[in-house]
Amino acid sequence: MDELGIDNTAESDSGASSKSFANIPAPTAEVKVRTMRSDLASLTATGGGLPRFNKVNVEGLSIARAAAPVAEAKPQKRSNLILVIAIVVVACVALAVGGLLLYNTFSNQGSTAGQGAASNNAQPVSPPTSSPVQAYVPPAAATTSAPVVFTHVSFFKKPADQTITLSLSSGGAAQTASELQTYDQQVLGVLASTTAGAQLIEIDVKGGDGNALSIEELLSQADAEIIDPNFLSSHFNPDATFFAYRDKNGFWPGYVIALNTGENKTSLQSGVQAIESSAKIGNIFLAGAGTASPSGFGDAMISGVQVRILNFTGVAPANGGQTVSASFVYGWFRNYLIISASREGFAQAVARL
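Bear in mind the structure is a predicted one, so any value in this text is a computation, not a measurement.

**Q** Give a description of helix α6 (residues 183–191) that names residues and reports values.
**A** Taken together, the buried positions of α6 are occupied by Y183, D184, Q186, V187, V190 and L191. What you see down the axis of α6 is that its buried residues fit within an arc of 165°, all on one side. In this structure, the buried residues of α6 make contact with β3 (162–167), β4 (200–206), α7 (215–221), β5 (241–247) and β6 (250–258).

**Q** Account for the nonpolar core, naming residues and giving values.
**A** Within soluble globular proteins, side chains that are nonpolar generally end up buried alongside one another. Core analysis: the largest hydrophobic core is formed by 70 residues, its most contacted members being Y183, L191, I203, V205, F236, Y255 and F328. Tallying contributions element by element places strand β10 (residues 324–333) first for this core, with seven residues.

**Q** Let's hear about the side chain of E202: which residues, and what values?
**A** Considering the arrangement of structural elements, one finds E202 in strand β4. Salt bridges are absent for the buried E202, whose nearest opposite-charge side chain, R352, sits at 8.7 Å. A distance of 2.9 Å separates the side chain of E202 from the side chain of H152, its partner in a polar contact. In this structure, E202 is in contact with H152, S154, F156, A160, Q162, T163, I164, T241, F242 and F243, ignoring residues within four places of it in sequence.

**Q** I'd like to hear about helix α10 (residues 343–352), residue by residue, with values.
**A** G345, F346, A349, V350 and R352 are the residues of α10 that are buried. At the N-terminal end of α10, a side-chain oxygen is found 2.9 Å from the backbone nitrogen of G345, two or three residues along, and the residue is S342.

**Q** Report on the packing of aromatic side chains, specifying residues and quantitative values.
**A** What the rule picks out here adds up to nine aromatic pairs. Measuring from ring centre to ring centre gives 6.2 Å for F236 and W332, while their planes differ by 20°; the resulting arrangement is stacked. On the criterion of sequence distance, the pair formed by F236 in the loop between α8 (229–235) and β5 and W332 in strand β10 is long-range, its members being 96 residues apart. Seen from their ring centres, F297 and F328 are 6.2 Å apart, and the 85° between their planes marks the pair as edge-to-face. With F297 in the loop between β7 (291–292) and β8 (298–302) and F328 in strand β10, the pair connects residues that are 31 residues apart, well separated along the chain. Taken as a pair, F297 and F328 share a single burial class, namely buried. Within the aromatic cluster, the residues linked to one another by ring pairs are F231, F236 and W332.

**Q** Talk me through the environment of F346; I want residue IDs and the actual numbers.
**A** With respect to the helices and strands, F346 occurs in helix α10. Residues F346 and P253, 93 residues apart in the sequence, show an inter-C-alpha distance of 9.7 Å. With residues up to four places along the chain from it excluded, the contact list for F346 reads I302, V305, V307, V329, Y330, G331, I338 and S340.

**Q** Which residues make up the environment of G298, and what values go with them?
**A** With respect to the secondary-structure elements, G298 resides in strand β8. Separated by eleven residues in the primary sequence, G298 and I309 have C-alpha atoms spaced 5.4 Å apart. G298 has contacts with V307, R308 and I309, leaving out every residue within four places of it along the chain.

**Q** Break down a nonpolar patch on the surface for me, with residues and values.
**A** Taken together, the side chains of L81, I85, V89, V93, V97 and L101 define a hydrophobic patch exposed on the protein surface, amounting to about 550 Å² of accessible area. With respect to the helices and strands, L101 occurs in helix α4 (residues 63–121).

**Q** Account for the pairing of strand β11 (residues 336–340), with residues named and values stated.
**A** The element β11 is largely enclosed, with a buried count of five among its five residues. Covered by surrounding structure in β11 are Y336, I338 and S340 together with L337 and I339, the residues of both alternating faces. Of the pairings in the sheet, the one linking β10 to β11 comprises five bridges and is antiparallel in character. Each bridged residue has a counterpart across the sheet, and for G331 the counterpart in β11 is I338. The hairpin turn running from β10 into β11, its antiparallel successor, is two residues long, and R334 in that turn takes a positive phi close to 55°.

**Q** Report on the environment of H235, specifying residues and quantitative values.
**A** When you line up the elements, H235 lands in helix α8. Using a relative accessible area of 22% as the deciding quantity, one classes H235 as partly exposed. Each C-alpha atom of the pair H235 and N260 lies 5.6 Å from the other, and the pair is 25 residues apart in sequence. Apart from the residues lying within four places of it in its own chain, the contact partners of H235 are L259, N260, E263 and L268. Side chain to side chain, H235 and E263 meet in a polar contact 3.1 Å long.

**Q** A description of unusual backbone geometry should follow, citing residues and the corresponding values.
**A** For D223, which is not glycine, the phi torsion reads 55° and is therefore positive. Positive phi outside glycine occurs at S303, with the angle close to 55°.

**Q** An account of the pairing of β5 is requested, with residue identities and associated values reported.
**A** Of all seven residues that make up β5, six are buried, and the element is covered over most of its length. Taken together, the three bridges between β4 and β5 define a ladder with antiparallel strand orientation. Across the sheet, the residue bridging to L200 is Y245, located in β5. Examined bridge by bridge, β5 and β6 share seven bridges and lie antiparallel to one another. Bridging from a neighbouring strand, T241 pairs with V256 of β6. Hairpin connection of β5 to β6: two residues between the antiparallel strands.

**Q** So what's going on with the pattern of salt bridges? Residues and values would help.
**A** Going through the model one piece at a time under the given rule, you end up with six salt bridges. Salt-bridge contacts for D204 lead to K206; the nearest nitrogen and oxygen are separated by 3.5 Å. You can call D204 buried: its relative accessible area is 14%. Look at K206 and you get partly exposed, because its relative accessible area is 24%. Between R308 and D299 there is a salt bridge, and its shortest N-O distance comes to 2.8 Å.

Rules used throughout
- Residues numbered from 1 in each chain as written.
- Predicted model: local features only at pLDDT ≥ 70, side-chain atom pairs only at ≥ 80, totals over all residues.
- Heavy atoms only, no water.
- Buried < 20%, exposed > 50% of the residue type's maximum accessible area, 1.4 Å probe, protein only.
- Helix = DSSP H or I, 4+ residues; strand = E, 2+ residues; numbered from the N terminus.
- Arc of directions from axis to C-beta.
- Contact = heavy atoms within 4.5 Å.
- Core = buried A, V, L, I, M, F, W, Y, C linked by side-chain atoms within 4.5 Å.
- Lys, Arg positive; Asp, Glu negative; His and termini not counted.
- Salt bridge = Lys/Arg side-chain N within 4 Å of Asp/Glu carboxyl O.
- Polar contact = N/O pair within 3.5 Å; in protein donor to acceptor, adjacent residues only side chain to side chain.
- Phe/Tyr/Trp six-rings, centres within 6.5 Å; stacked < 30°, edge-to-face > 60°.
- Patch = residues over 30% accessible without salt bridge, like charges linked within 9 Å, V, L, I, M, F, W, Y side chains within 5 Å.
- Areas by Shrake-Rupley, 256 points an atom, 1.4 Å probe, with all protein chains shown as cover.
- Pairing = 2+ DSSP bridges.

Shape descriptors only; they carry no functional weight alone.
Here it is, written out as structure tokens:
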């Protein structure tokens with residue numbers, strides 16, 4: 001290195017450079033340099049002003065050759081920097097996604113394991129006996145409802161030929177012979193005392209407490225619950241008109257049941273039609289049921305009313321004579337559901353409503 005700050009090794013390599021560029025004349029480049037000597041001379045000449053550059057001619061140095069690498073290096077460095085930044089961003093995103101997936105996986109496994117352990121360790125817990133839903137209720141208490149108290153009023157606009165009262169016994173050890181009879185036998189007993197000319201007779205049945213029996217209780221006493229009691233109590237008046245029609249063969253009972261206010265008989269058809277699948281239809285007859293027709297229920301018209309009818313053969317008459325044919329009939333007249341053990345009894349009930 002001389003006092004101009006130029007490495008002498010350049011001169012030793014001049015031979016190689018001259019060989020590499022033997023066919024191309026090397027332009028002379030003017031280079032401005034500063035040295036300590038030039039700075040001192042500049043200070044002396046200017047009286048302390050800014051230093052000045054000295055122009056030195058350097059052979060073999062081309063400005064184009066020297067500037068080209070610098071111009072090419074900047075884009076390369078910039079592209080390398082962008083590539084590094086892109087790689088770092090992608091790596092960060094990949095790490096974040098991978099970490100999230102691992103977190104969800106271990107979190108789900110932990111919750112599943114916790115649930116499995118909880119279910120394995122859980123012991124059955126009996127519901128508190130104080131709960132009204134789970135508490136044991138005896139069957140009798142669950143099915144027994146409080147009796148409905150009302151004053152009986154006949155549905156017949158035209159009164160029956162005769163009205164009689166049947167008071168059922170309240171039970172007990174000191175029962176009379178009549179109190180030991182079945183319900184049907186007690187009904188036939190009071191009917192036997194009616195006037196011979198009375199064709200349609202209304203029967204006011206009272207229980208041992210002196211209150212009139214509801215339709216549910218009447219059917220229960222006769223063991224003829226052909227309609228669900230809950231359905232009856234929900235949609236019908238409890239005060240039914242119980243009647244018996246008399247012909248030459250005996251007495252044929254029937255019932256007139258009224259809809260509650262606001263009820264629609266069309267919406268109750270399915271509940272009423274359940275009558276046809278009841279196994280207690282034959283118990284409607286007072287003296288004993290015969291054999292139902294194998295063809296089942298059919299449609300018929302009685303006094304202009306569309307009815308459903310089931311024929312029976314071998315029915316024991318109330319007068320104790322030979323067995324006869326009879327019919328079980330039910331149908332709607334206005335807002336009244338009429339159930340009868342005979343066609344003629346149904347027609348008589350319609351005529352008086």
